[in-house]
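Residue strings, one per chain:
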Protein chains: 2
Amino acid sequence: MDKPKRVSSKDVAREAGVSQATVSYVLNNVKGVSIKPETREAVLLAARKLNYHPNLIARSMRLKKSMSIGVVSDKNVSNLLFMTILQGVKDALMPRNYSITLCLSKSYDIENSEHIKYYSSNRIDGILFVYADIPDEHLAYLVDNGIPFVMIHSDMKDDMANVVKTDMTNAMDNALRYLRGKGVERVTYLNSGSGDKWDRRYHEYTRAIERMDSPFAESNILTVPRGEEKVEETVYNFLSSMGSMPGAMFCDTTGLAFRVLREAARLGIKIPSELSVIAIGTSRFSSLAYPSLSAIEAPLYEMGRTGAEMLLDIMNNSVSNSVVVLEWEFNRRESC
Amino acid sequence: MDKPKRVSSKDVAREAGVSQATVSYVLNNVKGVSIKPETREAVLLAARKLNYHPNLIARSMRLKKSMSIGVVSDKNVSNLLFMTILQGVKDALMPRNYSITLCLSKSYDIENSEHIKYYSSNRIDGILFVYADIPDEHLAYLVDNGIPFVMIHSDMKDDMANVVKTDMTNAMDNALRYLRGKGVERVTYLNSGSGDKWDRRYHEYTRAIERMDSPFAESNILTVPRGEEKVEETVYNFLSSMGSMPGAMFCDTTGLAFRVLREAARLGIKIPSELSVIAIGTSRFSSLAYPSLSAIEAPLYEMGRTGAEMLLDIMNNSVSNSVVVLEWEFNRRESC
DNA sequence: CTGAAAGCGCTAACAT
DNA sequence: ATGTTAGCGCTTTCAG
């Protein structure tokens with residue numbers, strides 16, 4: 001199978017009867033250089049006629065930029081999260097002509113992790129960490145070596161630089177205010193796990209409750225035990241002993257919210273008229289469920305887009321140490 | 001932020017007191033060229049001392065290969081599938097020093113789809129389609145232009161070239177034989193969907209039943225209606241009216257199998273002693289469930305690995321038109 | 001066994 | 001307004 005001979009800018013130049021430099025000027029719209037309209041046309045025509053595609057590798061070499069960024073993520077991130085963020089990343093990169101190189105192996109030994117090797121060998125110009133847990137030494141290494149990077153994470157522990165963080169206070173307030181406005185008197189928070197992610201959600205919720213101008217008659221925390229059957233039992237018992245006071249449930253994950261929806265259905269509890277359900281988190285099924293699930297969700301697409309844009313800025317202008325905070329959203333659907 | 005000055009092979013050459021060519025010979029282990037051991041050592045030492053990393057872009061330019069392949073997939077692939085396949089792809093690429101470039105936008109207009117643009121501009125050397133539905137014109141374009149590609153798909157319709165396909169006959173036979181050996185007399189296939197994927201699974205199952213040397217006393221198909229509640233009701237009714245004959249259920253998706261597990265638990269049906277459950281498909285939760293779910297699964301990792309290897313072969317040796325068929329596996333766990 | 005030199009395709013001073 | 005030219009960092013004949 002013969003490789004079809006590649007046409008180079010030289011070929012275009014010859015075809016158009018100009019020099020290679022002119023071709024470059026025209027095709028890159030170099031500013032500060034003015035080209036006679038007819039020359040420009042000739043070049044454009046020749047390029048189209050020959051089906052010319054600039055050799056990105058050669059360009060990269062000359063510019064000393066690979067025009068690609070490395071995206072590294074942990075294996076355990078869920079598809080929807082990752083894909084949605086990637087979509088944002090792509091949309092930020094595309095207009096600037098950058099591509100995405102996947103880095104899948106994070107070695108414990110920093111210098112051997114894929115993203116560092118790729119950076120060292122000029123394969124990528126910067127690194128975007130997506131929901132990746134990176135040891136502190138790795139971060140120090142990046143900083144020490146002036147390697148451009150940005151971290152995207154909705155549940156960051158400490159204060160760091162070069163980070164896309166998120167804030168859920170407004171979304172929480174909106175959700176609670178909505179419930180309040182509907183006349184809900186009793187709200188229960190279902191706490192199903194422990195760990196950074198859950199602790200944060202729980203914390204945010206309790207703070208939001210404290211901020212309420214006109215408080216609920218009741219605000220409880222229900223901690224759900226581990227184990228399929230236990231969860232079901234706990235939820236079932238809680239729902240069946242629920243009085244007639246208009247109530248709402250806040251679930252710390254979408255999975256738990258689906259359980260609540262299920263058990264409520266079994267018990268004949270009408271949603272949302274008798275019970276409002278709100279989840280924290282994103283799921284592919286939230287809007288497909290019946291009733292569709294209201295949720296407080298991280299702005300995944302925007303996180304990807306913003307993170308990628310930050311990274312591009314850092315790479316090009318050497319701006320650094322910036323932190324962007326994006327707001328979670330309260331997406332009301334049928335369940336409340 | 002200053003870019004730390006990059007060291008080039010020239011620097012290494014100077015440090016080692018040899019020529020650039022020698023550095024290249026040593027570092028690439030060029031065969032057909034013999035190097036005096038002490039020279040080799042000197043070069044290696046100098047490279048390590050200066051922390052030299054070859055500039056991949058320059059290398060690519062010289063070799064006219066980008067050393068990256070494009071992976072394109074549809075947005076809707078589920079996490080485990082895609083990530084597992086990618087792992088296999090990565091493991092195949094890594095030792096050959098190829099990287100993965102993600103191509104996320106498949107335009108209807110072929111020439112504008114990311115993977116084609118990337119190929120045309122030398123960003124990638126070949127294309128790997130992962131569970132992607134590609135229109136026939138796109139394929140024709142690839143073939144016409146001699147663009148190396150491979151398609152990975154576990155449910156291919158027609159016969160095509162450059163494909164990693166799968167075969168589930170053996171896995172099906174193994175599963176059925178296992179049930180038979182256990183003394184199962186009645187087996188029911190739960191059919192929950194329609195479309196290529198489901199049709200294929202259903203078809204494979206019925207053919208496997210026909211192949212059985214010693215048939216089951218009963219073999220039924222139960223078609224499950226759409227809708228959360230309907231599914232539950234159907235499954236529940238079926239299970240509760242189940243006689244005492246040792247039975248087994250084949251579920252066309254893992255989701256459906258989980259439902260069966262649930263309802264059986266509610267009804268106090270012991271698994272696997274009173275009922276065996278086998279799913280078709282892969283889920284992150286199969287081995288986590290209790291009892292863990294037996295399943296017939298596509299060899300995802302191998303599909304990725306094999307696909308990538310095929311692609312590398314096609315790219316390097318211009319071998320073409322090969323088809324590899326990988327076997328699904330019957331993974332027996334606790335549920336049968 | 002090793003070195004000198006050409007050149008991959010592109011861009012950007014510097015000339016004209 | 002456009003052409004000339006010198007590299008970017010690497011590999012690889014071809015000479016020694």
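Our structure is the block above this text.
Attention here is on the structure that accompanies the text. Only a predicted model underlies this, so the values are computations on that prediction, with no experimental measurement involved. (Residues numbered from 1 in each chain as written. Chains lettered and ligands numbered in written order. Predicted model: local features only at pLDDT ≥ 70, side-chain atom pairs only at ≥ 80, totals over all residues. Heavy atoms only, no water.)

### With respect to empty space enclosed by the protein
Thinking step 1. By the definition in use, this model includes 2 cavities of 30 Å³ or more.
Thinking step 2. Taken as a whole, the largest cavity holds about 200 Å³ of empty space.
Thinking step 3. Ser66 and Arg123 of chain A together with Ile57, Ser66 and Arg123 of chain B are, among the 17 residues lining the largest cavity, the residues nearest its centre.
Thinking step 4. Of all elements in the fold, only helix H4 (56-63) and strand S2 (99-103) of chain A together with helix H4 (56-63) and strand S2 (99-103) of chain B reach the threshold of two or more residues within the lining of the largest cavity.
Thinking step 5. Considering only residue class, the lining of the largest cavity consists of 4 nonpolar, 11 polar and 2 charged.
Thinking step 6. In this structure, the second largest cavity occupies an estimated 70 Å³ of space. (1 Å grid on protein atoms, 1.4 Å probe; cavity = no way out; pocket = protein on both sides within 12 Å on 5 of 7 lines; lining within 4 Å. Points joined across faces, edges and corners; volume = space filled by probe spheres on them. Helix = DSSP H or I, 4+ residues; strand = E, 2+ residues; numbered from the N terminus. Nonpolar A, V, L, I, M, F, W, Y, C, P; charged D, E, K, R; others polar.)

### Some thoughts on the packing of helix H1 (residues 9-16) of chain B against helix H3 (residues 37-50) of chain B
Residues and elements named next belong to chain B.
Thinking step 1. The N-to-C vectors of H1 and H3 enclose an angle of 120°; their axes lie 9 Å apart at closest approach. In terms of their interaxial angle, H1 and H3 are classed as oblique. By crossing handedness, the relation of H1 to H3 is classed as right-handed. Packed against H1, whose contacting residues are Asp11, Val12, Glu15 and Ala16, the element H3 presents Ala42, Val43, Ala46, Ala47, Lys49 and Leu50 at the interface.
Thinking step 2. Looking at side-chain class alone, the contact of H1 with H3 contains 7 nonpolar, no polar and 3 charged residues. (Axes fitted to C-alpha atoms, helices over the stretch in contact; angles between N-to-C directions. Parallel < 35°, antiparallel > 145°, perpendicular 65-115°, else oblique. Left-handed = near helix turned anticlockwise from the far one by under 90°. Contact = heavy atoms within 4.5 Å.)

### Some remarks on the relation of the copies chain B and chain A
Thinking step 1. Superposition record for chain B on chain A: RMSD 0.2 Å, screw rotation 180°, translation along axis 0.0 Å. The two molecules are tied by a two-fold rotation axis, judged by turn and shift. (Least-squares fit on C-alpha atoms with pLDDT ≥ 70 in both.)

### Some remarks on the interface of chain B and chain A
Thinking step 1. Facing 48 residues of chain B, the contacting portion of chain A comprises 48 residues.
Thinking step 2. Buried surface at the junction of chain B and chain A, summed over both partners, amounts to about 4800 Å²; 53% is from carbon and sulfur atoms.
Thinking step 3. Across the contact surface, chain B and chain A share 2 salt bridges.
Thinking step 4. Residue Arg262 of chain A pairs with Glu232 of chain B through a salt bridge whose shortest N-O separation is 2.9 Å.
Thinking step 5. For the pair chain B and chain A, the interface holds 16 residue pairs in polar contact (both at pLDDT 80 or more). (Buried area = accessible area lost by both parts, 1.4 Å probe. Salt bridge = Lys/Arg side-chain N within 4 Å of Asp/Glu carboxyl O. Polar contact = N/O pair within 3.5 Å; in protein donor to acceptor, adjacent residues only side chain to side chain.)

### Brief notes about the protein's contact with DNA strand D
Thinking step 1. Close to DNA strand D lie 28 residues, the nearest being Ser34 and Thr39 of chain A together with Ser9, Tyr52 and Arg62 of chain B.
Thinking step 2. The sugar-phosphate backbone supplies 60% of the atoms of DNA strand D found within 4 Å of the protein.
Thinking step 3. Contact between DNA strand D and Thr39 of chain A: a phosphate oxygen at 2.4 Å from a side-chain N or O atom of the residue.
Thinking step 4. One nitrogen or oxygen atom from the side chain of Asn28 of chain B is found 3.0 Å from a phosphate oxygen belonging to DNA strand D. (Near = heavy atom within 4 Å.)

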